Amino acid sequence: MLFARDLTSAYRQCPVNRIELFQQCYIWTDGIVVDERLEFGTASAVTHFQQISSFILAVALHRCRQWDAQHPPLDA
């Protein structure tokens, strides 16, 4: 399985925690709009992206260990 995430536009790809949705409201002429995607400058974005990058690193390390276990070096 292949995982991909474009971290350059991740702000618009990552959902917001439901508890923080009240901070994502905008008033327009036709009513209130709730933006359910992460906004640039959101205080929780740093933690969110740290968790995403830690997960990506954990998956990569796990796959490397699996590869090493299945393909041991010939001259260990």
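> When you look at the overall build of the protein in this model, what are you seeing that I'm missing?
A tally of helices and strands in the protein yields one helix and two strands. Residue burial in the protein is summarised as follows: out of 76 residues, 14% are buried. For the protein, the proportion of contacts with a sequence separation of at least 24, taken over those separated by at least 6, is 41%. Total accessible area computed for the protein in this model is approximately 6,700 Å², and 62% of it derives from carbon and sulfur atoms.

> Whenever I open this one, the pairing of strand β1 (residues 25-28) confuses me. Can you help?
For a regular strand, side-chain orientation follows a simple rule: the groups alternate between the two sheet faces. In terms of strand pairing, β1 meets strand β2 (residues 31-34) through four bridges, oriented antiparallel. Its bridge partner lying in β2, Ile27 is registered against Ile32. Count of turn residues in the β1/β2 antiparallel hairpin: two residues.

> For this particular structure, what's the right way to read the confidence of the model for the protein?
Considering every residue of the protein, the mean pLDDT works out to 79; 84% of them sit at 70 or more. By mean pLDDT, the top-scoring element of the protein is helix α1 (residues 45-70) (86), and the lowest-scoring one is β1 (83).

> Please clarify how a nonpolar patch on the surface should be interpreted in this entry.
On the surface, Tyr26, Trp28 and Val33 cluster together into a nonpolar patch covering about 310 Å² of accessible area. According to the relative accessible area criterion, Tyr26 is partly exposed, its value standing at 35%.

> Could you clarify how one ought to interpret the environment of Ser44 in this entry?
Within the secondary structure layout, Ser44 lies in the loop between β2 and α1. For the pair Ser44 and Glu20, spaced 24 residues apart in sequence, the C-alpha separation works out to 9.0 Å.

> Would you explain the nonpolar core in this entry?
The nonpolar side chains of a soluble globular protein tend to be buried, and buried together. Judged by nonpolar contacts, Cys14, Val16, Leu21, Leu38, Ala45, Phe49 and Ile52 together constitute the single largest core of seven residues. Contacts of Val16, omitting those with residues within four sequence positions, involve Leu21, Gln24, Glu36, Arg37 and Leu38.

> Quick question: what am I supposed to make of α1 here?
Since the α-helix packs 3.6 residues into each turn, any two residues three or four apart lie on the same face. In a regular helix each residue adds 1.5 Å, so 26 residues correspond to 38 Å; α1 covers 38 Å between its end C-alpha atoms and thus fits that length. Within α1, burial applies to Ala45, Phe49 and Ile52.

> Explain the environment of Val34 here, please?
Within the secondary structure layout, Val34 lies in strand β2. Spatially, the C-alpha atom of Val34 lies 7.1 Å from that of Leu21, the residues being 13 residues apart in sequence. Val34 has contacts with Leu21, Gln24 and Cys25, leaving out every residue within four places of it along the chain.

What counts as what
Residues numbered from 1 in each chain as written. Predicted model: local features only at pLDDT ≥ 70, side-chain atom pairs only at ≥ 80, totals over all residues. Heavy atoms only, no water. Helix = DSSP H or I, 4+ residues; strand = E, 2+ residues; numbered from the N terminus. Buried < 20%, exposed > 50% of the residue type's maximum accessible area, 1.4 Å probe, protein only. Contact = heavy atoms within 4.5 Å. Areas by Shrake-Rupley, 256 points an atom, 1.4 Å probe, with all protein chains shown as cover. Pairing = 2+ DSSP bridges. pLDDT = per-residue confidence, 0-100. Patch = residues over 30% accessible without salt bridge, like charges linked within 9 Å, V, L, I, M, F, W, Y side chains within 5 Å. Salt bridge = Lys/Arg side-chain N within 4 Å of Asp/Glu carboxyl O. Core = buried A, V, L, I, M, F, W, Y, C linked by side-chain atoms within 4.5 Å. Expected span 1.5 Å × (residues − 1).

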